[in-house]
Amino acid sequence: MPTSPLDYSRGITFGYNPLDRRSEEREDGVLLAAALADAQARTYVLSGDRLLIRPGAADPGTHDPAAARDLGIDMATALLLGWLPNGSPRFAARLSVDPDGLFGGYELVDLRTLAQEALIGADSYGPVAQARSMLGWHERHGFCANCGHATTIALGGYRRDCPSCAAQHFPRIDPVAIMLVSLGDRILLGRGTRFRTGNFSCLAGFVEPGETIEDAVRRETFEEAGIRVGRVRYHASQPWPFVSTLMIGCIGEALNEDIVMDATELEACRWFSRAEVSRMVEGTHPDGITCPPRLAIARHLIDHWLQTPSTG
Ligand SMILES: [Zn+2]
């Protein structure tokens, strides 16, 4: 992923998105019509969590208007994600034909594999995350939450309108606080019950209504580990397109040491020293304990802490 002097988020998988969404200029449909007619338009085509790619192509993750037509894509229902800095529009569409029947060297690759193996251009990961979340929202919001009537697509996909009660519905995201909690020169990591064997990561949980990000960090850390957190600082965020999560990475300072683990959420949780975390990152821990891969914001929080001199 590209590094950026602007913020840490842009260096995290799915965090760099070069598209200009031009949200304020979409109302009259002129931009959408021009984008649909633009020969430089390219479309990300997805089937659930998988992106249709064409290995070896100049831009393996997108498809030009002729290819989209051949793939049976109805561009009238495609979502206009935005424009690249060179003015080229980017759309998202769902694959509606049987992928087994496709000719032309196409492959469907799930987004995690796509990110870990760098199969598409670095400037495509943010737009692909955007595409996955947007398509998922449209698939699940075809009816008005206010009156139950079928809704219609508006603003190239950035709104759904109800023709019956005039309610307007906007794409949602689900914020999750994920936190690196430190005590002196140690950090708190846990193992979820569904984690890969040996893998420890930062604690995390959904931010609830009426709650600040800082208090979500404090509540989740106390609920899962019995640790009180004082100061909380924001570090970076990551769009996590499974389906519309925004991971909000924070760094918190613990106020107590004794862990009281919630066994329904975690199967292990403890403090890790700097030397131990270094070995986990290097893959040389004597007990085979590992950290999450660079795909995950948790790993970026851990790496950042390793590179930061201890203040405690
Ligand atoms: Zn309605």
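The coordinates are above.
Residues numbered from 1 in each chain as written. Predicted model: local features only at pLDDT ≥ 70, side-chain atom pairs only at ≥ 80, totals over all residues. Heavy atoms only, no water.

A. Spotlight on the overall build of the protein. Secondary structure assignment for the protein yields 7 helices and 14 strands. Against the 2.2 N^0.38 benchmark of 20 Å for 312 residues, the protein shows a C-alpha radius of gyration of 22 Å, consistent with a compact globule. The principal-axis extents of the C-alpha atoms in the protein amount to approximately 60 × 50 × 35 Å. Summarising the internal contacts of the protein: among those between residues at least 6 apart in sequence, 63% fall at separations of at least 24. Carbon and sulfur atoms make up 50% of the accessible area of the protein, which amounts to about 15200 Å² in all. Between the mean site of the 30 positive side-chain charges and the mean site of the 39 negative ones, the protein shows a separation of 1 Å. (Helix = DSSP H or I, 4+ residues; strand = E, 2+ residues; numbered from the N terminus. Rg over C-alpha atoms; globule rule 2.2 N^0.38 Å. Contact = heavy atoms within 4.5 Å. Areas by Shrake-Rupley, 256 points an atom, 1.4 Å probe, with all protein chains shown as cover. Lys, Arg positive; Asp, Glu negative; His and termini not counted. Charge placed at Lys NZ, Arg CZ, Asp CG, Glu CD.)

B. Representation of the side chain of arginine 274 in the model. Position of arginine 274 relative to the elements: it lies in helix α6 (residues 274-282). At 3.3 Å, the side chain of arginine 274 and the backbone oxygen of leucine 306 are in polar contact. The contact partners of arginine 274, leaving out residues within four places of it in the chain, are Asp185, Trp305, Leu306, Thr308, Pro309 and Ser310. (Polar contact = N/O pair within 3.5 Å; in protein donor to acceptor, adjacent residues only side chain to side chain.)

C. Just the sheet that holds strand β7 (residues 159-161), in detail. With antiparallel pairing, the 3 strands of this open sheet are ordered in space as β6-β7-β8. At either margin of the open sheet sits one strand with a lone partner, and together these are β6 (152-154) and β8 (168-169). Bridge count between β6 and β7: 3 bridges; the pairing is antiparallel. Opposite alanine 154, over in β7, you have arginine 159 as the bridge partner. (Pairing = 2+ DSSP bridges.)

D. Representation of the coordination of the zinc ion in the model. In this structure, Cys144 (SG), Cys147 (SG), Cys162 (SG) and Cys165 (SG) serve as the protein donors to the zinc ion, at separations of 2.3 to 2.4 Å. For the zinc ion, the 4 donor atoms are set out with angles of 101 to 116 degrees between them, so the coordination reads as tetrahedral. Mapped onto the polypeptide sequence, the residues donating to the zinc ion form the spacing pattern C-x2-C-x14-C-x2-C. Placement of the pair is cysteine 147 in the loop between α4 (125-140) and β6 and cysteine 162 in the loop between β7 and β8, with a sequence separation of 15 residues. Overall, the relative accessible area of 38% leaves cysteine 147 in the partly exposed class. (Donors = N, O, S within 2.8 Å, 3.2 Å for Na, K, Ca; no water. Tetrahedral: all angles 85-135°; square planar, octahedral: opposite > 155°, others 65-115°. Buried < 20%, exposed > 50% of the residue type's maximum accessible area, 1.4 Å probe, protein only.)

E. Region of interest: the sheet that holds strand β5 (residues 107-110). If you walk across this open sheet you meet the 5 strands as β3-β4-β1-β2-β5, and the pairing is mixed. Of all the strands in the sheet, the pair left with one neighbour each is β3 (79-83) and β5. Sheet twist, expressed as the average angle between the axes of neighbouring strands with direction ignored, equals 30 degrees. Of the strand pairs in this sheet, strand β1 (residues 42-47) and strand β2 (residues 50-53) are connected by 2 bridges, and their pairing is antiparallel. Residue leucine 46 lies in a different strand from β2, and its bridge partner there is leucine 51. (Axes fitted to C-alpha atoms, helices over the stretch in contact; angles between N-to-C directions.)

F. Layout of the pattern of salt bridges. What the rule picks out here adds up to 19 salt bridges. Salt-bridge contacts for aspartate 59 lead to arginine 90; the nearest nitrogen and oxygen are separated by 4.0 Å. One end of the pair, aspartate 59, is in the loop between β2 and α2 (65-70); the other, arginine 90, is in strand β4 (residues 89-94), and 31 residues separate them in sequence. The class of arginine 90 is buried, set by a relative accessible area of 7%. (Salt bridge = Lys/Arg side-chain N within 4 Å of Asp/Glu carboxyl O.)

G. Region of interest: the environment of glutamate 220. Structurally, glutamate 220 is set in helix α5 (residues 213-225). Note: C-alpha distance between glutamate 220 and phenylalanine 206 (14 residues apart in sequence) is 8.5 Å. Apart from residues lying up to four places away in sequence, glutamate 220 is in contact with Met179, Ala204, Gly205 and Phe206.

H. Examining unusual backbone geometry more closely. In this model, phenylalanine 242 is joined to valine 243 through a cis peptide bond whose omega is 10 degrees. You can see valine 243 is positioned in the loop between β12 (229-240) and β13 (245-254). A positive phi is found at phenylalanine 14, a non-glycine position, where the angle reads about 75 degrees. For phenylalanine 14, a relative accessible area of 2% translates into the label buried.

I. Spotlight on the nonpolar core. Judged by nonpolar contacts, the single largest core of 48 residues is most densely connected at Leu51 and Leu114. Looking at this core element by element, the count peaks at 6 residues for α4. One finds Met179, Leu203, Val217 and Leu266 within the second-largest nonpolar core, a separate group that totals 18 residues. (Core = buried A, V, L, I, M, F, W, Y, C linked by side-chain atoms within 4.5 Å.)

J. Summary view of the packing of aromatic side chains. Following the criterion strictly, the structure yields 5 aromatic pairs and no others. Through a chain of ring-to-ring contacts, the aromatic side chains of Phe14, Tyr125, Trp240 and Phe242 assemble into a single cluster. The ring of tyrosine 106 carries the charged tip of arginine 54 above its face, separated from the ring centre by 4.8 Å. Sitting above the plane of the phenylalanine 222 ring, arginine 228 keeps its charged end 3.6 Å from the centroid. (Phe/Tyr/Trp six-rings, centres within 6.5 Å; stacked < 30°, edge-to-face > 60°. Lys NZ or Arg CZ within 6 Å of the ring centre and 35° of its normal.)

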